[in-house]
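Descriptive structure summary
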There are 2 protein chains.
Amino acid sequence: MKALWTEQFTVRTWDVDRNNRLSPSSLFNYFQEVAGNHATELGVGKDALLRGNQAWILSRMTTLLYRRPGWGETITVRTWPRGTEKLFAIRDYDIIDGFGSTIAQGRSAWLLVDVEKLRPLRPQSLTENLPTNTDMPAIPDGAQALTALPELQAAGTRTAAYSDIDYNGHVNNARYIEWIQDILDASILEQTNHFRIDINYLAEIRPQETISLWKEPLPNQDAGTEEHAGERPPFTPFEVTELWAFEGKHIDSGQSSFRAELRCGA
Amino acid sequence: MKALWTEQFTVRTWDVDRNNRLSPSSLFNYFQEVAGNHATELGVGKDALLRGNQAWILSRMTTLLYRRPGWGETITVRTWPRGTEKLFAIRDYDIIDGFGSTIAQGRSAWLLVDVEKLRPLRPQSLTENLPTNTDMPAIPDGAQALTALPELQAAGTRTAAYSDIDYNGHVNNARYIEWIQDILDASILEQTNHFRIDINYLAEIRPQETISLWKEPLPNQDAGTEEHAGERPPFTPFEVTELWAFEGKHIDSGQSSFRAELRCGA
């Protein structure tokens with residue numbers, strides 16, 4: 001049983017933007033891929049769980065990218081379980097480049113659900129035999145609940161199409177990030193050298209469902225305003241130059257399907 | 001100098017659809033990736049050409065997929081130049097699975113352009129020293145010019161966003177295939193076991209440009225109707241059950257940006 005899962009990836013043409021730098025959604029792709037492969041190796045993968053009518057649902061994710069690799073670079077993506085917090089199973093990540101530098105880190109929180117009753121289960125029944133890696137926190141915070149913001153600007157809609165739907169039958173978690181990318185002014189991402197993304201996945205999006213998208217630039221609270229005095233700002237070891245909030249809502253019910261925050265550094 | 005370029009890929013979560021089968025756009029991704037890497041190895045890659053104000057432009061592509069691999073499969077993607085045809089440099093492809101079976105084949109036609117004068121150049125100046133692999137045709141036809149069809153049905157629009165734009169600064173060739181996927185009824189692709197896609201790239205799509213999309217189911221001419229008696233049908237070594245035509249047009253100028261045909265087999 002490998003306490004830490006390691007996989008090498010080559011950054012491909014489809015992973016980089018016009019400036020030849022890894023896109024945020026590809027970072028999410030790498031993390032989901034190694035999480036799935038490690039879970040399988042630990043005996044708690046998709047197929048094994050489905051035999052007991054259970055499934056992992058990604059609920060929260062925090063990613064940090066410090067340097068954006070380019071086409072052809074080989075990177076090492078690592079992941080490891082980090083125990084549980086109440087109903088969440090925690091999984092951490094990092095990426096090490098060819099120079100030995102850590103260029104990305106992440107933390108995810110997963111719910112274990114009964115797929116017939118659509119009810120969350122205590123994950124401890126599955127995780128108690130797994131390594132907890134308590135001495136290896138990828139980041140000091142992460143996978144937090146995000147606050148609903150009242151006044152976001154409408155930024156169009158997306159309808160879940162063939163390309164958005166993954167092997168789990170709903171919109172893939174990295175596709176939410178693509179939708180966020182594509183409602184931002186492209187120049188913001190093109191000029192960003194470092195970023196932190198926090199996202200809460202609140203309701204799955206099924207084929208052909210339409211989501212209204214919302215965004216808003218926020219005042220840079222991380223710089224430490226009076227309003228936030230005393231609060232610990234999110235772990236962002238770079239100067240935050242842009243801070244954006246996002247939300248996606250099911251267009252029929254108004255139910256929130258995701259909330260996200262993006263912190264950019266030049 | 002390698003006459004034939006070989007690269008292994010693992011099929012990732014983002015490469016498969018809800019039925020765990022390789023998506024058409026991921027097939028195009030693999031082919032573009034190996035073409036780029038082989039061109040670089042042969043000394044005629046993107047960076048080398050740009051130093052002389054030249055670039056390769058993908059003009060036509062034919063792909064055939066006979067079996068759609070699933071998440072975690074390791075496949076070997078191969079590519080080789082196949083000489084020139086008038087202004088086109090031809091490049092062939094295939095994919096071999098872990099059982100040694102050929103599961104995909106392809107052929108592409110590239111234009112060499114002067115990026116300042118935006119004029120096509122004779123590719124022979126670059127290709128005359130390359131291997132021509134005349135004994136290795138991937139398929140007996142392919143990379144043909146497609147006919148404009150007068151009566152297609154409107155199928156929405158797409159505006160080129162951050163995620164659509166690649167390192168060449170325009171909508172990536174595999175993204176055109178995603179746009180095609182997503183205007184088809186998803187059940188068609190989900191039920192398709194084999195397909196042939198022919199596409200002509202007629203004009204690049206730049207950031208923020210909006211394209212109107214058009215589609216139409218065609219009568220199955222490949223089965224050999226009287227109308228087409230005597231014509232040689234396209235190479236499709238499976239029974240064609242669905243035949244669709246597509247076009248994308250720049251919404252302002254009406255200029256065609258691509259034309260495509262999809263042949264499906266159950």
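Every chain's residues receive numbers from 1 upward, in the order its sequence appears when written. All chains are assigned letters beginning with A, and all ligands numbers beginning with 1, in the order in which they are written. The predicted origin of the model limits local features to residues at a pLDDT of at least 70 and limits the giving and counting of side-chain atom pairs to 80 or more, whereas totals for whole chains, interfaces and linings rest on all residues. Heavy atoms from the whole structure form the basis of all side-chain values; hydrogens and water molecules are not counted.

The name that an unreviewed UniProt entry assigns to chain A is Acyl-ACP thioesterase, with the source organism given as Gracilinema caldarium. UniProt positions are given in the numbering used here, feature names are shortened, and annotations may be inferred rather than shown by experiment. Per UniProt, chain A carries the Sequence similarities (unreviewed entry) text "Belongs to the acyl-ACP thioesterase family."

A few words on the domain arrangement of chain A. All names here are of chain A. Note that the domain bounds were set by an automatic or database domain assignment. Looking at chain A, the domain boundaries give domain 1 (1–143) and domain 2 (145–266). Each of domain 1 and domain 2 has a C-alpha centre, and these two points are 19 Å apart. Residues are treated as being in contact if the distance between any of their heavy atoms lies within 4.5 Å. Opposite the 29 residues of domain 1 that make contact, domain 2 presents 27 residues. Take the accessible area each of two parts loses on contact, using a 1.4 Å probe, and add the two losses: that sum is the buried area. Interface of domain 1 and domain 2: buried area, both sides summed, is about 2400 Å²; carbon and sulfur atoms make up 51% of it. A side-chain nitrogen of Lys or Arg and a carboxyl oxygen of Asp or Glu constitute a salt bridge if their distance falls within 4 Å. Residue R196 is joined to D141 by a salt bridge in which the shortest nitrogen-to-oxygen separation is 2.9 Å. Here a polar contact is recorded for every N or O atom pair within 3.5 Å, except that within protein the pair must consist of a potential hydrogen donor and a potential acceptor, and residues adjacent in sequence are included only if both atoms are side-chain atoms. Seen at the junction of domain 1 and domain 2, the total is 19 residue pairs in polar contact (both at pLDDT 80 or more).

What follows covers the relation of the copies chain A and chain B. Superposing the copies works by least squares over the C-alpha atoms of residues that have pLDDT at least 70 in both of them. With an axial shift of 0.0 Å and an RMSD of 0.0 Å, the rotation relating chain A to chain B amounts to 180 degrees. These values place the two chain copies in the arrangement generated by a two-fold rotation axis. Residues of chain A ranked by C-alpha distance from the rotation axis are headed by F9(A), positioned 4.9 Å from it. When the interface residues of chain A are mapped onto chain B, 100% of them are again interface residues, pointing to one common binding face.

All right, on to the interface of chain A and chain B then. Taken together, the contact pairs 39 residues of chain A with 39 residues of chain B. Carbon and sulfur atoms make up 53% of the area that chain A and chain B hide from each other, which totals about 3300 Å². The three residues of chain A that bury the most area against chain B are W14(A), R18(A) and Y162(A), which together make up 27% of that side's buried surface. Ionic pairing is found between R12(B) and E33(A), a salt bridge with its closest N-O pair at 3.2 Å. At the boundary of chain A and chain B, one finds 22 residue pairs in polar contact (both at pLDDT 80 or more). The greatest single-element share of the side of chain A that touches chain B, amounting to seven residues, is contributed by helix α1 (residues 24–41) of chain A. For this classification, Asp, Glu, Lys and Arg are treated as charged, while Ala, Val, Leu, Ile, Met, Phe, Trp, Tyr, Cys and Pro are nonpolar and the rest, including Gly, are polar. Looking at side-chain class alone, the side of chain A that touches chain B contains 14 nonpolar, 12 polar and 13 charged residues. Only runs of H or I of at least four residues qualify as helices and only runs of E of at least two qualify as strands under DSSP, and these elements are numbered from the N terminus.

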